[in-house]
Amino acid sequence: MRWLPVLPAETGEEFSREGQPGDAPAGEGLLSEGACDEHSVRADVEAAAGAGIDRRVYFEVFGCQMNKLDAELMLGVLNENGYQLTDHPSSAGVILYNTCAIREQAENRFFSKLGHLKKLKGERPDLVIGVLGCGAQNHQHDIFRRYPHVGIVCGPGEFLRLPQLIDEARSQGQVAALDLDTPVRFERKENLGPRPRHAFVSVMRGCDMACTYCVVPRTRGPEVSRPVNEIIEEATVLAASGVKEITLLGQTVNSYGKRLAPGRRIGLQHVLYGLNQIDGLERIHFITSHPRFMNPDLIEAIGSLEKVCEYLHLPVQSGSDTVLRRMLRSYTMDHYRKVIDQCREQVPGIALATDLIVGFCGETDEEFAETVKLVEEVRFNGAYIFKYSERPGTSAAADLQDDVPEEVKRERNQVLLGIQKRISLEANSESIGQETEVLVESLSKKDKTRWSGRNRKHQIVVFPSQGDEDLVGDLVTVKVTEVTPVVLVGERPGKGS
Ligand code: SF4
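Residues numbered from 1 in each chain as written. Predicted model: local features only at pLDDT ≥ 70, side-chain atom pairs only at ≥ 80, totals over all residues. Heavy atoms only, no water.

The next point concerns the overall build of the chain. In terms of regular secondary structure, the chain is built from 14 helices and 21 strands. Across the 497 residues that make up the chain, the buried fraction comes to 59%. A total of about 18800 Å² of accessible surface is found on the chain, and carbon and sulfur atoms cover 49% of it. (Helix = DSSP H or I, 4+ residues; strand = E, 2+ residues; numbered from the N terminus. Buried < 20%, exposed > 50% of the residue type's maximum accessible area, 1.4 Å probe, protein only. Areas by Shrake-Rupley, 256 points an atom, 1.4 Å probe, with all protein chains shown as cover.)

What follows concerns the sheet that holds strand β9 (residues 198-202). Reading across from one edge, β9-β12-β13 is the order of the three strands in this open sheet, with parallel pairing throughout. Of all the strands in the sheet, just β9 and β13 (283-287) have a single pairing partner and so form its edges. The average angle at which neighbouring strand axes cross in this sheet is 25 degrees, direction not considered. Sheet topology note: the β9/strand β12 (residues 245-249) ladder contains five bridges and is parallel. Note on β12: the bridge partner recorded for histidine 198 is glutamate 245. Along the sheet, helix α1 (residues 65-80) contacts β9, β12 and β13; its crossing angle with β9, the most-contacted strand, is approximately 95 degrees. Its contacts with the sheet put helix α8 (residues 268-276) on β12 and β13, and the angle it makes with β13 is roughly 160 degrees. (Pairing = 2+ DSSP bridges. Axes fitted to C-alpha atoms, helices over the stretch in contact; angles between N-to-C directions. Contact = heavy atoms within 4.5 Å.)

Within a sheet, each strand pairs with its neighbour through backbone hydrogen bonds, oriented either parallel or antiparallel. Read once around its circumference, the closed barrel built from five strands follows the order β17-β18-β19-β21-β20, with strand pairing classed as mixed. Across the sheet, the mean angle from the axis of one strand to that of its neighbour is 55 degrees, orientation sign disregarded.

Another aspect to go through is the packing of aromatic side chains. The final tally for this structure, using the stated rule, is nine aromatic pairs. Between arginine 55 and the ring centre of tyrosine 83, over which it is positioned, the NZ or CZ distance is 4.4 Å. Of note, arginine 146 hangs over the ring of phenylalanine 111, and the distance from its end group to the ring centre comes to 5.1 Å. (Phe/Tyr/Trp six-rings, centres within 6.5 Å; stacked < 30°, edge-to-face > 60°. Lys NZ or Arg CZ within 6 Å of the ring centre and 35° of its normal.)

For the rest of this paragraph, the subject is the environment of isoleucine 299. With respect to the helices and strands, the residue isoleucine 299 is situated in helix α9 (residues 296-304). A relative accessible area of 0% places isoleucine 299 in the buried class. Placed 43 residues apart in sequence, isoleucine 299 and glutamine 342 show a C-alpha to C-alpha distance of 7.6 Å. Not counting residues up to four positions away in its chain, the partners in contact with isoleucine 299 are Met294, Val339, Gln342, Cys343, Gln346 and Val347.

A complete count under the given rule lists 30 salt bridges for this structure. Aspartate 402 is paired through a salt bridge with lysine 409; the nearest N and O atoms lie 2.9 Å apart. When its relative accessible area of 31% is taken as the criterion, aspartate 402 is described as partly exposed. Connected through salt bridges with shared partners, the residues Asp208, Glu223, Lys258 and Arg259 form a single ionic network. (Salt bridge = Lys/Arg side-chain N within 4 Å of Asp/Glu carboxyl O.)

Attention shifts here to unusual backbone geometry. Cis peptide bonds are those with omega within 30 degrees of zero, and the linkage from isoleucine 287 to threonine 288 qualifies with 0 degrees. Residue placement: threonine 288 occurs in the loop between β13 and α9. One non-glycine residue, arginine 259, lies in the positive phi region at around 70 degrees. Tracing the chain through its elements places arginine 259 in the loop between β12 and α8. For arginine 259, a relative accessible area of 57% puts it in the exposed group.

As a further point, take helix α11 (residues 333-346). End to end, α11 covers 20 Å across 14 residues, agreeing with the expected 20 Å (1.5 Å per residue, within 8%). Inspection of α11 places Met333, Tyr336, Val339, Ile340 and Cys343 among the buried residues, and these make up the whole buried set. With its buried residues spanning 120 degrees around the axis, α11 presents them on a single face. Buried-residue contacts for α11 involve α9, β14 (311-313), α10 (321-327), β15 (351-358) and α12 (365-378). (Expected span 1.5 Å × (residues − 1). Arc of directions from axis to C-beta.)

Of all hydrophobic cores here, the largest spans 95 residues; its most connected members are Leu114, Leu248, Leu272 and Phe286. If near-sequence neighbours (up to four positions away) are discounted, phenylalanine 286 is found in contact with Leu248, Val253, Leu268, Leu272, Leu298, Ile302, Val308 and Leu312. One finds Leu73, Met74, Leu78 and Ala177 within the second-largest nonpolar core, a separate group that totals 24 residues. (Core = buried A, V, L, I, M, F, W, Y, C linked by side-chain atoms within 4.5 Å.)

This part takes up the pairing of strand β17 (residues 435-443). Two elements, β17 and strand β20 (residues 475-483), share five bridges in a ladder whose sense is antiparallel. The residue bridging threonine 436 from the neighbouring strand is valine 478, located in β20. Following β17, the chain reverses through six residues before pairing antiparallel with strand β18 (residues 450-454).

Before going further, it helps to spend a moment on α12. For α12, spanning 14 residues, the distance from its first C-alpha to its last is 20 Å, which sits close to the expected 20 Å at 1.5 Å a residue. Inspection of α12 places Glu367, Phe368, Thr371, Val372, Leu374, Val375 and Val378 among the buried residues, and these make up the whole buried set. Projection of α12 onto a plane perpendicular to its axis shows the buried side chains occupying an angular sector of 160 degrees, all on one side. Turned more than 90 degrees from where α12 packs its buried face, Asp365, Glu366 and Lys373 sit exposed.

Turning to the packing of α1 against helix α5 (residues 162-172), a few remarks are in order. Two numbers describe how α1 lies on α5: the axes approach to 8 Å, and their chain directions differ by 65 degrees. Regarding the angle of α1 to α5, the classification is roughly perpendicular. For the pair α1 and α5, the contacting residues are Met74, Val77 and Leu78 in the first and Leu162, Pro163 and Ile166 in the second. Residue classes in the contact of α1 with α5 are distributed as six nonpolar, no polar and no charged. (Parallel < 35°, antiparallel > 145°, perpendicular 65-115°, else oblique. Nonpolar A, V, L, I, M, F, W, Y, C, P; charged D, E, K, R; others polar.)

In this fold, valine 316 is placed in the loop between β14 and α10. Valine 316 sits 17 residues away from methionine 333 along the chain, and the two C-alpha atoms are 8.5 Å apart. Not counting residues up to four positions away in its chain, the partners in contact with valine 316 are Leu324, Tyr331, Met333, Tyr336, Thr354, Asp355, Leu356, Leu374 and Phe380.

Structurally, threonine 212 can be placed in the loop between β10 (204-205) and α6 (216-220). On the basis of relative accessibility, which here comes to 6%, the residue threonine 212 falls in the buried class. In this view, threonine 212 contacts Arg326, Met327, Leu328, Phe360, Thr394, Ser395, Ala396 and Leu400; residues no more than four positions away in its chain are not counted.

Okay, structure coming up:
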């Protein structure tokens, strides 16, 4: 059962997003979805004809890739218990939202949606409405009070109990499940994601860091890594089922391995070496890395393993040491620049993406100028640029003043956006005339006469479709003929246009 609709690779071509990323794994490419994008991905229709209404689920997912993978795991467990998806709330006996706490605007839109369900619940008292994920964890004390028609509040630690929680909500009215210490079972029996040849695989959960703007440690708990062999086994099963590309997910994916084997240093590179051996698997990515945990062993693995792609998403957040200190990011610009240099030395042609927050508490013109300088100097291939917005439950909200005026945030956002667009266009232009290997994802959303996919540097590539050919999941060579800041346009050699 495939359930999330295929999002064409060029979905969301913005460079700029509001809110702050919280290092949540970024979207699917250099310039597409933000670290916590505002797209609400609606569950696709799985004909629910055979199921009674109490077993029909309407499901929406908000936020980062981690949330989308959690949604896959939830769907797997619901499926095992006889639930089927439906495409409209009015035909569902259970309505579930897997929420995100990172972005204020997305959160407001979600709460407005939740308010509108009150009428439906009034008409159908048996309806179970569940709020899941980081938003549920972060607003656990408010949801039942503000939305008494909600039956389930369930954080990211307990979602595998969903079938039981639905039963309890039916018999008791309301049930909360917010324990973050319950071990989460990661593996699924099949890839339920939107792209048949691509799968996300979680290597860890939670985060041990304390960035002052971020709610993640509060909503997902401390870091827990999966054993290496368990990850390799899951990836082997996925590859055997036809998956060609795997993206490893973790809040700070490159700190992977902590506490796994006392006395031994286990790192993400051990996972990469294992995955590189798997037959059928062609490409490996990992998101999102923390600058503090980039280390020579990992960089060497990226450079030397042929299946590990030449792409690194390394959120810097600010180019100013003083702002980084207020954010408690635990690295300096000196360290960040050294890491970038090492990556470029050891991984020739590596594409670098970053996240930037403008207008963080107390950010002066001089501090912002340091960010501009960094962007000009590093020349990232892509950047997700966020205007800071205060999030409840963070230490910045408690201890720092959100004192940069909105118009200044907007202006800084525009300045960085303009610079990054120019740099991305210049970088992409270097590809003109070159051939690039593309994993085809779907027909282009904007132009159904073109295929859309990504190359190893995670750049979006579109090229003409011909006749009835179905290239979804194929690796094809495309010669780049023109570019925009976010898309490479080309044609297959020998196929014409
Ligand atoms: S606290 Fe963790 S998840 Fe949040 S921004 Fe910092 S490193 Fe990323």
